[in-house]
Amino acid sequence: MLNTLFPLLTRLISPGGQRGRLTILMYHRVVEISDPLFPYLPSAEVFNRHMETLANGFTCLPLSEAIDRLEKRSLPPRAACVTFDDGYRDNISVAAPILMRHRIPGTIFVSTGFLDGGRMWNDSVIEAVRRAKGPTLDLSQLGLGVRSLTNDGDRTIAIDALLEQLKYLPFIERSEKVDALSSTIGAALPDNLMMSSGDVVSARRFNIEIGGHTMNHPILARLNDDQARAEIADGKAQLESLLKEKITLFAYPNGRPDEDYHIRHAAMVRALGFRAACSTASGIADRNSDLYQLPRYAPWDTQKSKFQLRLLQNLMGPAPNPAYA
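Cut-offs and rules
- Residues numbered from 1 in each chain as written.
- Predicted model: local features only at pLDDT ≥ 70, side-chain atom pairs only at ≥ 80, totals over all residues.
- Heavy atoms only, no water.
- Helix = DSSP H or I, 4+ residues; strand = E, 2+ residues; numbered from the N terminus.
- Polar contact = N/O pair within 3.5 Å; in protein donor to acceptor, adjacent residues only side chain to side chain.
- Contact = heavy atoms within 4.5 Å.
- Core = buried A, V, L, I, M, F, W, Y, C linked by side-chain atoms within 4.5 Å.
- Buried < 20%, exposed > 50% of the residue type's maximum accessible area, 1.4 Å probe, protein only.
- Expected span 1.5 Å × (residues − 1).
- Phe/Tyr/Trp six-rings, centres within 6.5 Å; stacked < 30°, edge-to-face > 60°.
- Lys NZ or Arg CZ within 6 Å of the ring centre and 35° of its normal.
- Disulfide = S-S within 2.5 Å.

Engineer: I tried to follow the side chain of glutamate 127 on my own but got confused; where do I start?
Structural biologist: Relative to the elements of secondary structure, glutamate 127 occurs in helix H5 (residues 121–131). A distance of 2.6 Å separates polar atoms of two side chains, one belonging to glutamate 127 and the other to arginine 131. When sequence neighbours within four positions are dropped, the list of residues in contact with glutamate 127 reads Leu189, Pro190 and Leu193.

Written out as structure tokens, the structure is:
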């Protein structure tokens, strides 16, 4: 029943035009098969189910077009966009063919410092714990405690705890601790998780836009203004050099308003020539939304009916206050 009613309900809730509402979905990785350490990461099968549902119930647009139409109050009924943060290679190898299958455009926000063999600090932690031997991992000398590793559940708990301990440390201190953690494990870590420069250039073949996401994915709120501006500007410049076109879209690393970035960072993004920027605040965008603090919805449901209900719930919710940061 919901399958039949879904497109009718989305059109009723989001009729377009002056009353148009924009759903922006946010993903990070799309893995080929489910990862036992991260069962919430969508597999190719789950992502295909999501896109099939989206194509059935929404009008999917490139983010740049949706932003233009949001500002002009000319959104089509049930408008939606699909975005990815960070620049993982599986966005191209796994997600992009599925997007094409369903004729859905996408946007990948790329942290350029990890292109061509780089690895984000959190992935270094994840892959180190994945490869650690023995029932425990003693990191007490690093101030990170002793972690049980007797099964995948323990490893997931250990990863979550370590990421929380490390996330908000100063950049250099965090890098040193992550390097020391990796050395403690003594195993080679993967160098093919992120996109290559060639992947960035090829994204257009899949009807995928590229947006900025800084160089090194720092928490902007933890940097001084000169450092934050350089991270945003240098990432933009590197992408423009690769693509030979202007980069007009941006997403804030981590992206929680007033915690990971502030209103002054939105002003920096605007001054540097971006057209719009996405946060990770949940919700829907409408004609009153701040184009430099657009909310996004992060889907996780694996069952189609639950995914549909969650989309409807998000679509019916209030748009965030544009002055929240």
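Engineer: I tried to follow the nonpolar core on my own but got confused; where do I start?
Structural biologist: The tendency in soluble globular proteins is for nonpolar side chains to be buried as a group. Of all hydrophobic cores here, the largest spans 69 residues; its most connected members are Leu54 and Ile210. Setting aside anything within four residues of it in sequence, one finds leucine 54 in contact with Leu25, Cys60, Ala80, Val82, Ile104 and Leu311.

Engineer: Which parts of the structure should I look at to understand helix H4 (residues 90–101)?
Structural biologist: Residues spaced three or four apart along an α-helix point in a common direction, a consequence of the helix completing one turn every 3.6 residues. Helix length check: H4 (12 residues) gives 16 Å between terminal C-alpha atoms against 16 Å at 1.5 Å per residue, within 8%. Those residues of H4 that sit buried are Asp90, Asn91, Ile92, Val94, Ala95, Ala96, Ile98 and Leu99. Looking at the residues trailing H4, positive phi occurs at arginine 103, about 55°.

Engineer: What is the right way to read the packing of aromatic side chains from this model?
Structural biologist: Geometry of an aromatic ring pair is reported as the spacing of the ring centres plus the angle between the planes. Applying the stated criterion to the full structure yields eight aromatic pairs. With centroids separated by 3.9 Å and ring planes inclined at 5°, the aromatic side chains of tyrosine 252 and tyrosine 261 adopt a geometry described as stacked. Residue classification places tyrosine 261 among the buried positions, given a relative accessible area of 0%. Put simply, the rings of Phe250, Tyr252, Tyr261 and Phe274 touch in pairs and so form one group of aromatic residues. Just above the ring of phenylalanine 274 sits the side chain of lysine 236; from NZ or CZ to the centre is 5.4 Å.

Engineer: Would you take a moment to explain the state of the cysteines for this structure?
Structural biologist: Disulfides are covalent bonds that connect the sulfur atoms of two cysteines. Taken as a whole and assessed by the stated rule, the structure comprises zero disulfides. Of all cysteine sulfurs in the structure, the one in cysteine 60 sits closest to cysteine 81, which takes part in no disulfide; the separation is 7.9 Å. Summary of cysteine pairing: cysteine 278 is not part of a disulfide, and the nearest cysteine sulfur, belonging to cysteine 81, is at 8.2 Å. Note on cysteine 278: relative accessible area 2%, which makes it buried.

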